[in-house]
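Here's the letter readout for the chains.
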Amino acid sequence: MPTTVLRDIGTLVTNDPALGDGPLGLRRDAAVVFDDAQVVWVGDSADAPAADQAVDLDGRAVLPGFVESHSHLVFAGDRAEEFAARMSGRPYGAGGIRTTIAATRAATDEQLDATVRRLLAESLRAGSTTVEIKSGYGQTVDDEWRSVRIAGRHTDEVTLLAAHVPPPEYAGRADDYVAMVCTEMIPRCAPEARWIDVFCEQGAFDRDQSHAVLSAGIAHGLVPRVHGNQLHQGPGVQLAVELGAASVDHVAHVGDADIDALANSDTVATLLPSADFCTRNSYPDARALLDAGVTVALGADCNPGTSYTTSLPFCIALAVRELHMTPDEAVWAATAGGAKALRRGDIGALSPGMRADAVALDAPSHLHLAYRPGVPLVRQVWRGGVLASN
């Protein structure tokens, strides 16, 4: 692989305080060199070493590739009518997932794979260089197995969301469904996944059911994640911390005890503001989490029902406007924060030894991601040192 130098960078976000100013490790008039899919040098543009190929950024900003740590891309159909009804006043109660389950079960493998490829291409154009993908719209052993296999064609970050909601054939029998998940679905699907997830929420699964699913996943070598505290203050956060989950996602309704538990744990709070935007639910109190010392990530939560977007730049703008995060905090959460939510030490930063995933903006600094909401500022994307989107 040829070496590449990106030079004449207006503002470089390294996410390494040892390399520049503040938590983002900001450098001005900077350069970065890629070799063999890794960052090998960071410094002043005037001092940049020679490389096989040079890219002059003309003062544009460069930051690490976004890390999307929460997405649901294996599905069929859409729920535009549900969205329109919700915007006219009908509240969201997690029931629409069953519509997607029916469409997903009816789809062919080729149709599901095409949707994943389409949405990943869209994500890449928006600057996401790492994307986690969940199952959860099959809800039979065979359909969940094919979902994680399809996801695994495209990412190493595959999550078995075995317990999304009880499917229609288990209506009123959530305990029976959980028993099937634990004894049949997880043993079959675990070899194809890295993570186990559960929707711990009213209308989905209670604490004991969620604990059973996560414990079964752990016993089969999967690492837990939790959908928690999205619609109500419930046990999701506490359960995630108790079981050492990598992240608890949504976190829109929390109390002081939840915040304290997160602050004293390694569990990341992944905030999904687009889901709250699309459902008109309460936004998380990011300020309270950050001020308490909780590690925060941002995700787009792409799914057909409650957040049909792949744009982390959009979520950054929402986080600054609605969650009261600073632009620096939001950018860190969408890069380094996402990496921590996936327990990855090789992505989310641009410092020597990290994977050469980078985004160049049509703007002089990362601040423009929030300053110019809705504008497609991502100009170029490198993944593993290779120009992947231009």
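Small disclaimer: the values here were computed from a predicted structure and weren't measured. Residues take numbers from 1 onward in each chain, read along the sequence in its written order. pLDDT decides what is reported in this predicted model: residues at 70 or higher carry local features, side-chain atom pairs at 80 or more are listed and counted, and totals for whole chains, interfaces and linings draw on all residues regardless. Only heavy atoms go into the side-chain values, all of them from the structure, while hydrogens and water stay out.

Draft legend 1. Up close: helix α3 (residues 109-125). When the terminal C-alpha atoms of α3 are compared, their 25 Å separation across 17 residues agrees well with the 24 Å that a helix rising 1.5 Å per residue should span. Any residue under 20% of the maximum accessible area for its type is buried, any over 50% is exposed, and the rest in between are partly exposed; the area is computed with a 1.4 Å probe on protein chains only. Strands are runs of DSSP state E lasting at least two residues, helices are runs of H or I lasting at least four, and both sets are numbered from the N terminus onward. Inspection of α3 places Leu 112, Asp 113, Thr 115, Val 116, Leu 119, Leu 120, Ser 123 and Leu 124 among the buried residues, and these make up the whole buried set. Along the long axis of α3, the arc covered by the buried residues comes to 165°, so they all point the same way. Exposed side of α3, more than 90 degrees from the buried face: Glu 110 and Arg 125 are the residues found there. The secondary structure elements touched by the buried residues of α3 are α2 (97-106), β7 (128-131), β8 (133-134), α4 (141-152), β17 (378-383) and β18 (386-389). Phi turns positive one or two residues past the end of α3, at Gly 127, with a value near 105°. Take the number of residues in a helix, subtract one, and multiply by 1.5 Å to get its expected span. The arc under discussion is defined with respect to the helix axis, by the directions toward the C-beta atoms. Two residues qualify as a contact provided that any one of their heavy atoms is within 4.5 Å of a heavy atom in the partner residue.

Draft legend 2. Quick peek at the pattern of salt bridges. Here a salt bridge means any side-chain nitrogen of Lys or Arg lying within 4 Å of a carboxyl oxygen belonging to Asp or Glu. One pass over the full model with this rule turns up 24 salt bridges. Ionic pairing is found between Arg 287 and Glu 329, a salt bridge with its closest N-O pair at 2.8 Å. On the criterion of sequence distance, the pair formed by Arg 287 in helix α10 (residues 286-291) and Glu 329 in helix α12 (residues 327-341) is long-range, its members being 42 residues apart. For Arg 287, a relative accessible area of 25% translates into the label partly exposed. What makes Glu 329 partly exposed here is its relative accessible area of 23%. Residues Arg 344 and Asp 346 are paired through a salt bridge, measuring 2.8 Å at the closest nitrogen-oxygen approach. The class for Asp 346 is partly exposed, based on a relative accessible area of 29%. Sharing partners across several salt bridges, the network here consists of Asp 58, Arg 60, Asp 362 and Arg 379.

Draft legend 3. View of the packing of helix α11 (residues 312-322) against α12. Think of each axis as a best-fit line through the C-alpha atoms, taken over the contacting stretch in the case of a helix, with angles from 0 to 180 degrees between the N-to-C directions. Look at α11 against α12: their axes get within 9 Å of each other, and the N-to-C directions meet at 140°. Crossing hand, α11 versus α12: right-handed. Two secondary-structure elements touch here, α11 through Leu 312, Ile 316, Ala 319 and Val 320 and α12 through Pro 327, Ala 330, Val 331 and Ala 334. Under the scheme applied here, ten amino acids are nonpolar (Ala, Val, Leu, Ile, Met, Phe, Trp, Tyr, Cys and Pro), four are charged (Asp, Glu, Lys and Arg), and all others, including Gly, are polar. In terms of residue class, the contact of α11 with α12 is built from eight nonpolar, no polar and no charged. For any pair of crossing helices, the crossing counts as left-handed if the nearer helix is rotated counterclockwise from the farther one by less than a right angle, and right-handed if it is rotated clockwise.

Draft legend 4. Quick look at the nonpolar core. The term nonpolar core refers to a set of buried residues drawn from Ala, Val, Leu, Ile, Met, Phe, Trp, Tyr and Cys, joined through side-chain atoms within 4.5 Å. Counting 87 residues, the largest nonpolar core has Leu 160, Val 213, Leu 289, Leu 298 and Leu 361 as the members making the most contacts within it. Take this core: its biggest share by element is eight residues, from helix α5 (residues 174-189). If we skip the residues at most four places from it in the chain, Leu 298 touches Val 67, Thr 270, Leu 271, Pro 273, Leu 312, Cys 315, Ile 316, Ala 319, Met 325, Ala 330, Ala 333 and Ala 334. Leu 19, Ala 356, Ala 358 and Trp 382 belong to the second largest nonpolar core, which has 17 residues in total.

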